[in-house]
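Single-letter residue listing:
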Amino acid sequence: MGGGPDLRSKSSYPTLAPRPVGQMISKIYKDRIRSFYSRGQYEKHNLLAMMHEGIASEESNIKLWVWDAPGQERPTFDEAVSHEFRKTSVGHSFGPSWSTHWFKIAITVPENLRRKEHLELHWDADTEGMVWSKDGQALQGLTGGGERIEWILPESFRDGKEHIIYIEMACNGMFGNSPGGDIIQPPDPDKYFTLKKAEIVAVNLEARALYIDMWIIGDAAREFPENSWEQHKALKIANDIIDTFKLGDKESITKCRRMAQEYLGPNVDSHRVYSSAKDVKVYGIGHCHIDSCWLWPWDETKRKVARSWSNQCDLMDRYPELNFACSQAQQYKWLKQLYPNVWDRVKAKVRAGQFHPIGGSWVEHDTNMPSGESLVRQFLYGQRFFESNLGRRSQTFWLPDTFGYAAQLPQLCRLAGMDRFLTQKLSWNNINKFPHTTFNWVALDGSQVVCHMPPSETYTAEAHFGDVRRSVTQHKSMDQDATSLLVFGKGDGGGGPTWQHLEKLRRCRGVADQVGLLPRVHMGNTVDEFFDFLQPKADTFVTWYGELYFELHRGTYTTQAKTKLNNRKSEAMLRDVEWLATLASIKNESYKYPKADIDAMWEAVLLCQFHDCLPGSSIEMVYDDSDKTGERLLKDIRKALGVSDRRASLQDSVAINTLPWHRKELVHLSDNEVGVACGEGPFLAIRPFKTTEEQPAVTIEEVRKGVFVLENDQLRVKVEGGCITSLYDRVAKREVIEKGAKANQYTIFDDKPLYWQAWDVEVYHLATRQELSCGETTISEKKPHRVSLTTTIKISDASSIKSTITLAAALKGVQSWVECHAEVEWHENMKFLKVEFPVDVRNTEASYETAFGIVKRPTHYNTSCPCFLFSLPPIIQAIVVLTFHAAGTWPKFEVCCHRFADLSEHNYGVSILNDSKYGFATTGNVMRLSLLRAPKAPDAHADMGTHHIRWAILPHQQSLGHATVRAAFAFNQPLKAVASSPDVSALVAAGRASPIGIKLVGDPSLVLDTVKRGEDDEDVRPGDEDVSGNLPKRKGRSVVLRVYDSLGGRGRGTIKTAWDVRAVFKCNLLEDDLEEIPLRAKGEFDIDLRPFEVASYRLAL
Ligand SMILES: [Zn+2]
């Protein structure tokens, strides 16, 4: 050896190099890290080989018996354990799909494991499961397939004796029973699951901790930029740890962990890591997104809730930093009813401040399609459940996974006590990237909420290093505020956060404190506290006005037509029930307002508005369930109305009316008899409609072979080849249909979206448009008051349409419309059926009814460049823009509407009314109503069968106005004659005695939408067991009214009632009084609304 210390220098640095030293080759050393803790060829020689200190799976340690529940029954614990169990063992298979199997398990911990540090039962059959104690306590859920397969054995099991537990096995995975890797394919009904593992495992906790250390340090080495010292340090430490590890040597693991501290800091083994008082950027919140139905039926969801939330209660005991936010009052209610012991555990954790009920709504519902009042009830029922059962209302509306957000939601949130909104789904937009993370979202009326969209772009984050990192790198609002939420935890059957998630986050915090570069994640705050931190800066946040349109899943306005029809009908009928029952209960003290029934009906409607049910993106079993619910609901409502459909003479009939304005309509009495109902109030008298064969009020004539003219006092309709070639407005003296074009033309499109069949319709489908040609047209009805033409249309060998065009007598002062009906026999594959109306009206914007208002959207394809383009090279930008233009691709090529869509120019327009549809498009002057789709996943038979669909063409003078709004109401709630004989309920009698009841006079844009009894009225509230049983009752009787401005202008009017009103309060949606409104006369008060305001009033009687 040469080169000793240089005597002339004090430095110890040798003059001669002692040996060659090489540069670390980054890629090789990075790849090496994963092989240190991964399965594969080294698993018996790397860290994994030291994870377990012993395993016992002999029959002397684990004995198994099973009882197979019959069919698809999901019996309770008590019922299950009352049966005879048979012996079974690992290796046996259980099925088929959706069946349930109860296992009785006798556990005896062997001598050699009794003193080990940590014992777990590992159970895996690739299915979900629930661990039950011997005495019937639901303990903890299992996911299967290697995920959450462990249950920690209690200390008491170390006594050498035999201990009994039960496991309830559900024959489905966390995403149901899809046949292969593609989860949205319809479920395989005949899947069997093999019990792969049932063993007692002694875990080496120190090795497990090192595993997580290496995962995070490895991520830092892989994901930090190579031009950062933090990346190089991670790479070095990770490799040093691997060099230090010695297989079989526990001491070496301790040494490795000490080395890891240099990167992770000294505190990552406890929640105290979060106690460093430093600037926090990311707030971690545990969550478990449980779809109330989707790829499994409703009843399975009830079990998923219990499995998931029991997991969380258990995890909170071990990880005090875990804060868990969970939405959907309905799921809490299921838990309360079906799993009282888990419910008690949840309540205790709510009190302790770790389990946070959030969202304020009944379910995480769709917001495109529910009516305004349905949205109100989502909040009313949700908030009341939370307040009554858990002692608090939500401040944050929580809707991470819904497919677009209606324009009035901020207003409704504010009125339901919530000023914050969390969502995330817009990160799935497939054309424009949504430009903000934190912003003020503004409703049609100007109300605002602070909205946050977690920049990690998921509500089921795995709490990876990358998720924490992306919380800053993808944050789009850092000019105003750089903090964000990280919503982590496995959804659906995954059971929420796992111990791995919590361990990883502790280390991420450690990295941030020890070396930096990674944003500092914090645990222990609630979502509300996160928003509390944001709120002081809110006046600097960017604003977004109007709907949050989701640029994907546009097919959900159409898929599962029957569910949508049931939704519309149920909403309309519930409106009638509440209105009439209110009048009856005020008039007649002996009549009991059917609050319990109304609650049950609303809860069923609200449940079906869940974001995979009403949008049509669930499996067939869900729709079997929800259609049954819908049919039962309609039956119940008819019963509650006390309606008798029995035929009665004109004198013995009345028309039930709940629309708050003067009405004059034809009412069908029998095949040969028609009457005119006219007037205001709940029950309209019907008088004979005088027409004769000689002097008909509407005519029909075949003017040439296959060419027909239908005519009343206002409209002349020419039908040629089954389509409307002319619609002439005789009053305005103008043609409504574009010259040479055909209206009520059925068209069909190929409908194969990129992946999400039930969800998506993609822009390219427009290029496949084909007109359906009509067969023969015949006169199907020729009465003095109504005429109809029916045309048969062949779609394919399997599918056809019976299309009927009807014109009824025009009544003076009422705008006439052309009514269309389609009876569709639909058996197509991946086709989209629509009907078109090319009208002679020009505007660059069309209007669509939305919940409590109107949304305007362009009729053209102008746009600024989609934001994501700016990140591409100019040449690519040009190609993309050209491609999109060629396809006519702009984001709103298919939009949502409620009862009408309208295209108006100055002074004239056309509205298309419908009775059950939600999908629409207006391109140029062509209005197009979407009728039926035929996706094959996840429901293989979606929409197959017979459909009856109604719509109407309503031309009108002036621009869009109250004539359309009122016609759309009337079209959806046609007057119906009912027998007013003694067997009609007390309700009818009470109503007849009250000719006025309630009415609204003033600006015709004002709509009195809802009349109901006060939720807390003492004479109305059901028993204490209902959703709001613990809330205080209110003395006296009250009536709640909801009024909105439907057209976007200042609305002034007067409410007049026939009641002895003591006082009137403007209230919020939760019926808290806000301010007292002076009475102008007995039972009368004035209202004054800003454009698109939704106002509620509580009348104290
Ligand atoms: Zn979801």
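Higher on the page you've got the structure.
Cut-offs applied
- Residues numbered from 1 in each chain as written.
- Predicted model: local features only at pLDDT ≥ 70, side-chain atom pairs only at ≥ 80, totals over all residues.
- Heavy atoms only, no water.
- Salt bridge = Lys/Arg side-chain N within 4 Å of Asp/Glu carboxyl O.
- Helix = DSSP H or I, 4+ residues; strand = E, 2+ residues; numbered from the N terminus.
- Buried < 20%, exposed > 50% of the residue type's maximum accessible area, 1.4 Å probe, protein only.
- Axes fitted to C-alpha atoms, helices over the stretch in contact; angles between N-to-C directions.
- Parallel < 35°, antiparallel > 145°, perpendicular 65-115°, else oblique.
- Contact = heavy atoms within 4.5 Å.
- Nonpolar A, V, L, I, M, F, W, Y, C, P; charged D, E, K, R; others polar.
- Arc of directions from axis to C-beta.
- Pairing = 2+ DSSP bridges.
- 1 Å grid on protein atoms, 1.4 Å probe; cavity = no way out; pocket = protein on both sides within 12 Å on 5 of 7 lines; lining within 4 Å.
- Points joined across faces, edges and corners; volume = space filled by probe spheres on them.
- Donors = N, O, S within 2.8 Å, 3.2 Å for Na, K, Ca; no water.
- Tetrahedral: all angles 85-135°; square planar, octahedral: opposite > 155°, others 65-115°.

Right, let's talk about the pattern of salt bridges for a bit. With the rule as written, the count across this model stands at 92 salt bridges. The shortest N-O distance in the salt bridge between Asp269 and Arg507 comes to 3.8 Å. With Asp269 in the loop between helix H5 (250-264) and strand S13 (282-287) and Arg507 in helix H12 (residues 499-514), this residue pair connects regions lying 238 residues apart in the sequence. Salt-bridge contacts for Glu905 lead to Arg734; the nearest nitrogen and oxygen are separated by 3.1 Å. Pair noted here: Glu905 is in strand S42 (residues 900-905) and Arg734 is in strand S31 (residues 734-735), with a separation of 171 residues, a long-range link. Taking the relative accessible area as the measure of exposure, Glu905 reaches 21% and is therefore partly exposed. What emerges from the salt-bridge pattern is a single network uniting Arg384, Lys595, Asp599, Lys1012, Glu1015, Asp1016, Arg1021 and Glu1071.

Before going further, it helps to spend a moment on the packing of helix H6 (residues 298-318) against helix H7 (residues 329-338). The contact between H6 and H7 brings their axes to 9 Å, and the two run at 85°. With respect to each other, H6 and H7 are oriented roughly perpendicular. Across from Trp298, Thr301, Lys302, Val305, Ala306 and Trp309 in H6, the residues of H7 making contact are Gln331, Tyr332, Trp334, Leu335 and Leu338. Within the contact of H6 with H7, the residues separate by chemical class into eight nonpolar, two polar and one charged.

Attention now moves to helix H1 (residues 26-37). Every buried residue belonging to H1 is among Ser26, Lys30, Ile33, Phe36 and Tyr37, and all of these are buried. Down the axis of H1, the buried set is contained in an arc of 110°. They therefore lie on one face. Exposed and facing more than 90 degrees away from the buried side of H1 are Lys27 and Ile28.

Turning our attention to unusual backbone geometry. The omega angle of the peptide bond from Gly95 to Pro96 is -5°, so this bond is cis rather than trans. Of note, the bond from Ala937 into Pro938 is cis; its omega dihedral lies within 30 degrees of zero at 5°. One can find Pro938 in the loop between strand S45 (926-933) and strand S46 (945-957). A positive phi angle, close to 75°, is found at Trp98, a residue other than glycine. As for its placement among the helices and strands, Trp98 is situated in the loop between strand S4 (93-94) and strand S5 (100-107).

Moving on: the sheet that holds strand S12 (residues 197-203). Here four strands make up an open sheet; going across it, the order is S1-S12-S6-S9 and the pairing antiparallel. The strands lining the two open edges of the sheet, one partner per strand, are strand S1 (52-56) and strand S9 (150-152). Averaged over all adjacent pairs, the angle separating strand axes in this sheet is 30°, with direction ignored. As judged from the six bridges shared by strand S6 (residues 119-124) and S12, these two strands associate in the antiparallel manner. Directly across from His122, in S12, lies its bridge partner Glu199.

All right, on to the layout of surface pockets then. Of the volumes computed, that of the second largest pocket is approximately 1,000 Å³. Surrounding the second largest pocket, 37 residues form its lining, Arg39, Gly146, Glu150, Trp499 and Gln500 being those nearest its centre. Broken down by secondary-structure element, the contributors of at least two residues to the lining of the second largest pocket are S1, S6, S9, S12, helix H3 (205-223), H6 and H12. Its residues assigned to classes, the lining of the second largest pocket shows 13 nonpolar, nine polar and 15 charged.

Right, let's talk about the coordination of the zinc ion for a bit. Every protein donor of the zinc ion is accounted for by His289 (NE2), Asp291 (OD), Asp401 (OD) and His611 (NE2), and the metal-donor separations fall at 1.9 to 2.1 Å. The site at the zinc ion holds four donor atoms, and with the angles between them running 91 to 157°, its shape is irregular.

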